[in-house]
Amino acid sequence: MNEQDQLMQSSFQTRQDHWGKLVSYFCITVIGLLVISIIYFIAARGLNMFIKDGVSLKDFLTGMTWDPTVTDAHGKPEVGAWPMIFTSFAVTILATLVATPLALAVAIFMTELAPKKAASFMQSVIELLVGIPSVVYGFVGLVVVVPFIRHLFGGTGSGILAAVTVLFVMVLPTITSMSIDSLKNVPKNYREASIALGATLWQTIYKVILRSAIPGILTAVIFGMARAFGEALAVQMVIGNAPLMPENLISPASTLTSTLTVGIGNTVMGTLPNDALWSLALVLMLMSLAFNLLVKLVNKKGVSRNA
Amino acid sequence: MLNAKKANQLAMGIIYVLVGLVVLILFGLLGYIILSGLPHINWQFLSSAAQSVGEGGGIRDQLFNSLYLLVLTLLISTPLSIGAGIFLAEYAPKNGVTEVFKTAIEILSSLPSVVVGLFGYLFFVIKLHLGFSVISGAIALTFFNLPLLTRNCENALNDVSPLQRQAGLSLGLSRWKTMTKIMLPEALPGILTGVILGAGRVFGEAAALIYTSGQSAPTVDYSNWNPFSATSFLNPTRPAETLAVHIWKLNTEGLVSNAHAISSGASAVLIIVILLFNLGARYLGNHIYKKMSARK
């Protein structure tokens, strides 16, 4: 080998780096492919009912009766998913409405009011809440919340109220910890300026800190909603699992996730009742994507406003 | 009209009441789970097999399955997420492709676990004919765990002082060597903490497992160490009901007369193990940090 070739050859380090780069590209590509295949497979299965079985999207989204094994007077399958879609949204929105004030109170307490020790105590309290598995929430809901509601209001005790009670505790830590981050990001001189103008602590918190942290808090709330919307087992255990339009907060109902969990094991792959369930999964996935998009929009607005 | 001082007092009062409420809910919840579960936990409960009808028996197999799945999941997801974390922290070019990858990770982290489980069911259980098995379950849990670990890894690497990186590069080391031999060890406490916290999440997950690792726990032979033998406890192609799935099943099917007692005990075991993970993460993080930074 002549000298020129030797000089032109890439060094050991360069080759090592190429190899390393390849490994890291491989890992990230695996994750990327994974997400694409999840979306593709769920979408392909979920669209099956509309393409193969000819169910119209309108019947699916607005129909009131969910009983995929039977057909109605016109020979069309009963796959109205509106009661479940409605219940999923109702449970999500109510749980977030209950959780958000509590989460904001804890976040304000930890960032603005608490001495260091109390703040770190609350921090571990929140971390513990995150760690409790959803089946345990469901189990406690089943043996504590449901009997309690039955005792207070009669009926079976299962229903939206029980689901909301369980869910708001589940999303509380999510909303809290993200709100804390956004409150911490408010520049210190905002606080000082407000106090220097003679504002009380509450005026400072309400008119200055919370307002400038709004994009972050909104993001936190949306993440909480996404978590509530997608939670399956805890909800399934306490909501009663009747795919009907809920009459009130304590009548048995069913969400998208609970219908899915119960149904997939009881239907045969490729049949219409099974396809109908995959369509529910598709709705669930699209909603999750929508929540993601919403977060992106909120963040963009927040950035352009602060810039 | 409320004056500013009164409003201030009122608002502070409300905040303190709400914070008190949250603390109360948490301690009520934890206290209830542990106090109602502890009386049912004994050696018999932990070491005997579950029965599907009549008296429900113990949780031996479920507990083992949960731990086994956890180990397999971590074995698959940790290297992958470290690789992806290195990509994001070091190699990622600032362009659209990187943005797509980042979005993909965000999407994966917010997908409901039941959807991830259903994908696992569709692809691994049915398409690849793996059946309800430990390996299908471990892969589904990996999906669930990947985004969290990757982000954690990226953050841990970004937190390392840039001086370390510059020093490595100026010594003529390749970027890859700098990352794996200088940055990674430095970021290890952060990465480990993330792995252990993720482990707690994985340990309690059930929705992604119902249709991947299955809802039955066949009797296995704990003295058979050959992973390819059908009766071995290490066999990755057998179905494996975990502790969390067991609790769910007991409460939704109701074939067992003392379902309540067993679920209370199993919930307490679950919570205690997760608490240990949390404490372990904290201790290990501090310990390694002290050891590596020689700070007392």
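Residues numbered from 1 in each chain as written. Chains lettered and ligands numbered in written order. Predicted model: local features only at pLDDT ≥ 70, side-chain atom pairs only at ≥ 80, totals over all residues.

- As named in an unreviewed UniProt entry, chain B is Phosphate transport system permease protein PstA, taken from Limosilactobacillus mucosae DSM 13345.
- The record in UniProt for chain B states the following under Sequence similarities (unreviewed entry): "Belongs to the binding-protein-dependent transport system permease family. CysTW subfamily." (UniProt positions renumbered as here; feature names shortened; annotations may be inferred.)

- Looking up chain A in an unreviewed UniProt entry gives the name Phosphate transport system permease protein, with the organism given as Limosilactobacillus mucosae DSM 13345.
- Per UniProt, the comment on chain A under Subcellular location (unreviewed entry) is "Cell membrane".
- Annotation of chain A in UniProt includes, under Sequence similarities (unreviewed entry), the sentence "Belongs to the binding-protein-dependent transport system permease family. CysTW subfamily."

## Concerning the overall build of chain B
Phase 1: Check the secondary structure of chain B and you find ten helices and zero strands.
Phase 2: In chain B, the order of α-helices and β-strands from amino to carboxyl end is α-α-α-α-α-α-α-α-α-α.
Phase 3: Reported as C-alpha extents along the three principal axes, the dimensions of chain B are approximately 70 × 70 × 45 Å.
Phase 4: Within the span of chain B, comprising 296 residues, buried residues form 46% of the whole.
Phase 5: Partitioning the contacts of chain B with sequence separation of at least 6, the portion at a separation of at least 24 is 74%. (Helix = DSSP H or I, 4+ residues; strand = E, 2+ residues; numbered from the N terminus. Buried ≥ 20, exposed ≤ 12 C-beta atoms within 10 Å, placed from the backbone. Contact = placed C-beta atoms within 7 Å.)

## With respect to the packing of helix α5 (residues 113-127) of chain B against helix α6 (residues 134-159) of chain B
All names here are of chain B.
Phase 1: Running from amino to carboxyl end, α5 crosses α6 at an angle of 140 degrees, the nearest separation of the two axes being 9 Å. Taken together, α5 and α6 sit at an angle that is classed as oblique. Judged by the sense of rotation from one axis to the other, the crossing of α5 with α6 is right-handed. Along the contact surface, α5 presents Ser113, Val116, Gly117, Gly120, Phe124 and Val125, while α6 presents Ser136, Ile139, Ala140, Phe143 and Phe144.
Phase 2: Across the contact of α5 with α6, the residue classes tally to seven nonpolar, four polar and no charged. (Axes fitted to C-alpha atoms, helices over the stretch in contact; angles between N-to-C directions. Parallel < 35°, antiparallel > 145°, perpendicular 65-115°, else oblique. Left-handed = near helix turned anticlockwise from the far one by under 90°. Nonpolar A, V, L, I, M, F, W, Y, C, P; charged D, E, K, R; others polar.)

## Here's the deal with the UniProt feature "domain: ABC transmembrane type-1" (unreviewed entry) in chain A
Phase 1: Cross-referencing UniProt, the feature "domain: ABC transmembrane type-1" (unreviewed entry) maps to residues 85-295 of chain A in the present numbering.
Phase 2: Along residues 85-295 of chain A one finds 79% helix and 0% strand; the C-alpha atoms at either end are 21 Å apart.

## Focus on helix α1 (residues 4-37) of chain B
Phase 1: Spanning 34 residues, α1 of chain B covers 49 Å between terminal C-alpha atoms, matching the ideal 50 Å at 1.5 Å per step.
Phase 2: Those residues of α1 of chain B not exposed but buried are Ile15, Val19, Val22, Ile33 and Gly37 of chain B. (Expected span 1.5 Å × (residues − 1).)

## Some points on the UniProt feature "transmembrane region" (unreviewed entry) in chain B
Residues and elements named next belong to chain B.
Phase 1: Under the UniProt annotation, "transmembrane region" (unreviewed entry) lies at residues 12-35, 67-92, 104-124, 130-149, 187-211 and 261-285.
Phase 2: Spanning residues 130-149, this segment combines 80% helix with 0% strand, and its end C-alpha atoms are found 26 Å apart.
Phase 3: As annotated, residues 187-211 comprises 72% helix and 0% strand, and the C-alpha atoms at either end are separated by 36 Å.

## Some remarks on the packing of helix α9 (residues 201-212) of chain A against α1 of chain B
Phase 1: In the contact formed by α9 of chain A and α1 of chain B, the axes pass within 8 Å of each other and the chain directions differ by 75 degrees. What the angle tells us is that α9 of chain A and α1 of chain B run roughly perpendicular. Contacts from Leu201, Trp202 and Gln203 of chain A in α9 of chain A reach Ala4, Ala7, Asn8, Ala11 and Met12 of chain B in α1 of chain B.
Phase 2: Considering only residue class, the contact of α9 of chain A with α1 of chain B consists of six nonpolar, two polar and no charged.

## Details of the UniProt feature "transmembrane region" (unreviewed entry) in chain A
Residue and element names in this part refer to chain A.
Phase 1: Taking the UniProt record as the reference, the feature "transmembrane region" (unreviewed entry) is found at residues 22-43, 85-113, 125-149, 155-175, 217-239 and 276-295.
Phase 2: The span residues 22-43 shows a helical share of 100% and a strand share of 0%, and its end C-alpha atoms are spaced 31 Å apart.
Phase 3: The span residues 217-239 carries 87% helix and 0% strand; its end-to-end C-alpha distance comes to 29 Å.

## As for the nonpolar core
Phase 1: Counting residues in hydrophobic clusters, the biggest one holds 171 residues, and the most contacted among them are Ala163, Val166, Leu167, Val238 and Ala281 of chain A together with Val115 and Leu118 of chain B.
Phase 2: Among the elements that make up this core, the one with the highest residue count is helix α7 (residues 160-184) of chain A (16 residues).
Phase 3: Excluding residues that lie within four positions of it along the chain, alanine 281 of chain A makes contacts with Ile42, Gly46 and Leu260 of chain A together with Val115 and Leu118 of chain B. (Core = buried A, V, L, I, M, F, W, Y, C linked by C-beta atoms within 7 Å.)

## Some words on unusual backbone geometry
Phase 1: Phi angles above zero are rare outside glycine, and asparagine 241 of chain A is one such case at about 55 degrees.
Phase 2: Among the structural elements, asparagine 241 of chain A can be located in the loop between α11 (233-238) and α12 (256-263).
Phase 3: One non-glycine residue, histidine 129 of chain B, lies in the positive phi region at around 55 degrees.

## Notes on the interface of chain B and chain A
Phase 1: With 68 residues of chain B in contact, the opposing surface of chain A contributes 67 residues.
Phase 2: Of all the secondary-structure elements, those providing two or more residues to the side of chain B that touches chain A are α1, α3 (60-91), α4 (96-110), α5, α6, α8 (175-204), α9 (243-253) and α10 (259-293) of chain B.
Phase 3: A total of 18 residues in the side of chain B that touches chain A trace back to one element, the largest contributor, which is α1 of chain B.
Phase 4: Split into classes, the residues belonging to the side of chain B that touches chain A amount to 49 nonpolar, 14 polar and five charged.

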